[in-house]
Amino acid sequence: MTNHYTAIGFPDAEDGHDVWKMLTESGKELLWLEDFRSVLYRDPSGLEIWMNQDEEGNAMCAEPYFYGSLHTVRLDEIRANPWEDGTGYAQAWHGGDGEEDGYPFIFEIPVIAYCRPEWAGSSRQVRLAAFAESLECYADEAAYEAANSDEAPMFAAAQSFIPVGMFRDDLDEGKRASAHARISGIMHTAETRTNTVSGCPFYHCTIESYGGTWAAVIPPELLPEPPQAGNVLTGIFWLTGIPE
């Protein structure tokens, strides 16, 4: 089963409880962030797990994150998630203050206590990561364009970003937009990294797409073979980030 933990090398984890059990049994160093009521684990591979606690010290979630790439965004709205587990989300405009050549999108925030209310409406650097949920890979742009024939047109251009989570059919039923985007882009770098807690591999890639370079993490099960620089990737990604 693919979930956000599998993208960072926890293929056997069904939920945050499984991940946190593996962490505590591994004896890895954990960082207590008293100001945010969170326990943070940082892995040499770049993955992070944020365990948020309530006022009584009970664990509310084990949120996955990856130390991704910096993007300048305008934070239009910052809110806590309605399920009250210490996480949050932001609606943002990619490209900072400029309205031209930018786009809106949603990203999750592992610990909402980290964000200050006055950040809303301002432009900030945000370290974002894209967790692959579904994916197609093409050898290069020529292969992508060949597949994008009149008989079988692709969904988008080879370098494109579509915030599909903002177009959900149930938004008028009170559901909020989700932190999902269809990203298509050209692989700039690609490597296999190892989660030192589980010992399992995952792929880390940088993808040149519309408006910037995205750091992506990919479960190996989504691709028949490891990705390579020059490949074109297109798929649905869950976005998470931390403002700096």
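Residues numbered from 1 in each chain as written. Predicted model: local features only at pLDDT ≥ 70, side-chain atom pairs only at ≥ 80, totals over all residues. Heavy atoms only, no water.

A. Main features of the overall build of the chain. Broken down by element type, the chain carries two helices and 13 strands. Expected size for 244 residues packed as a compact globule is a radius of gyration near 18 Å; at 18 Å, the chain falls within 12% of this value. Out of the 244 residues in the chain, the part that is buried amounts to 50%. Considering only intrachain contacts with a sequence separation of at least 6, the fraction spanning at least 24 residues in the chain is 60%. Put simply, the chain shows about 11600 Å² of open surface, and 48% of that area lies on carbon and sulfur atoms. (Helix = DSSP H or I, 4+ residues; strand = E, 2+ residues; numbered from the N terminus. Rg over C-alpha atoms; globule rule 2.2 N^0.38 Å. Buried < 20%, exposed > 50% of the residue type's maximum accessible area, 1.4 Å probe, protein only. Contact = heavy atoms within 4.5 Å. Areas by Shrake-Rupley, 256 points an atom, 1.4 Å probe, with all protein chains shown as cover.)

B. Main features of the packing of aromatic side chains. Counting across every chain of the model gives 12 aromatic pairs. Seen in terms of ring centroids, Phe105 and Trp214 are 6.1 Å apart; in terms of plane orientation they differ by 85°. Their pairing is edge-to-face. Of this pair, Phe105 sits in strand β7 (residues 103-109) while Trp214 is found in strand β12 (residues 212-218), placing the two residues 109 residues apart along the sequence. Here Phe105 falls in the buried class, since its relative accessible area comes to 1%. When the ring centre of Trp119 is taken as reference, the NZ or CZ atom of Arg124 above it lies at 4.1 Å. Between the NZ or CZ atom of Arg176 and the centre of the ring of Tyr89, over which it lies, the distance is 4.0 Å. (Phe/Tyr/Trp six-rings, centres within 6.5 Å; stacked < 30°, edge-to-face > 60°. Lys NZ or Arg CZ within 6 Å of the ring centre and 35° of its normal.)

C. View of unusual backbone geometry. The phi angle at Arg37 is positive, at roughly 50°, despite the residue not being glycine. Checked against the element boundaries, Arg37 lands in the loop between β1 (31-33) and β2 (38-42). For Glu84, which is not a glycine, the phi torsion comes out positive at approximately 55°. Inspection of the secondary structure assignment puts Glu84 in the loop between β5 (69-80) and β6 (88-94).

D. Geometry of helix α1 (residues 16-26). Every buried residue belonging to α1 is among Gly16, Val19, Trp20 and Leu23, and all of these are buried. Angularly, the buried residues of α1 cover 95° about the axis, an arc narrow enough to put them on a single face. Facing away from the buried surface of α1 by more than 90 degrees, the exposed residues are His17 and Glu25. The secondary structure elements touched by the buried residues of α1 are β2, β3 (47-53) and β4 (59-66). Taken from the residues just after α1, Gly27 is the one with a positive phi, measuring 75°. (Arc of directions from axis to C-beta.)

E. Molecular detail of the nonpolar core. With 30 residues, the main nonpolar core has Phe105, Phe107, Trp214, Phe237 and Leu239 as its most contacted residues. Broken down by secondary-structure element, the contributors of at least two residues to this core are β5, β6, β7, β8 (123-138), β10 (180-194), β11 (201-209), β12 and β13 (232-243). Examining the composition of this core, we find that five residues originate from one element, β8, more than from any other. The residues contacting Phe107, other than those within four sequence positions of it, are Leu75, Tyr89, Ala90, Ala92, Val126, Leu128, Ala179, Leu239, Thr240 and Gly241. (Core = buried A, V, L, I, M, F, W, Y, C linked by side-chain atoms within 4.5 Å.)

F. Summary view of the pattern of salt bridges. Under the counting rule described, the total for this entry stands at seven salt bridges. The partner of Glu108 in a salt bridge is Arg176, with the nearest N and O atoms 2.4 Å apart. Of this pair, Glu108 sits in strand β7 while Arg176 sits in the loop between β9 (160-162) and β10, and the two are 68 residues apart along the sequence. For the pair shown, Glu108 and Arg176 are each scored as buried. (Salt bridge = Lys/Arg side-chain N within 4 Å of Asp/Glu carboxyl O.)

G. Up close: the environment of Tyr210. Its location among the elements puts Tyr210 in the loop between β11 and β12. In this structure Tyr210 comes out as partly exposed when scored by relative accessible area, which is 36%. Considered as a pair, Tyr210 and Ala158 are 52 residues apart in the sequence and their alpha carbons are 8.9 Å apart. Excluding anything up to four places from it in sequence, Tyr210 contacts Asp101, Tyr103, Gln159, Ser160 and Phe161.

H. Representation of the confidence of the model for the chain within the structure. Summing up the model confidence of the chain, the mean pLDDT is 91 and the portion of residues at 70 or higher is 91%. Element-level pLDDT for the chain is lowest in helix α2 (residues 141-147), with a mean of 89, against a maximum mean of 98 in β11. (pLDDT = per-residue confidence, 0-100.)

I. Main features of the environment of Gln125. Locating Gln125 in the fold gives a position in strand β8. Judged by its relative accessible area of 32%, Gln125 falls in the partly exposed class. Measuring from C-alpha to C-alpha, the distance between Gln125 and Pro243 comes to 5.9 Å, with 118 residues separating the pair along the chain. Setting aside residues up to four positions removed in sequence, Gln125 forms contacts with Leu70, His71, Thr72, Ile242, Pro243 and Glu244. Among the polar contacts made by the side chain of Gln125, one reaches the side chain of Thr72 at a distance of 2.3 Å. (Polar contact = N/O pair within 3.5 Å; in protein donor to acceptor, adjacent residues only side chain to side chain.)

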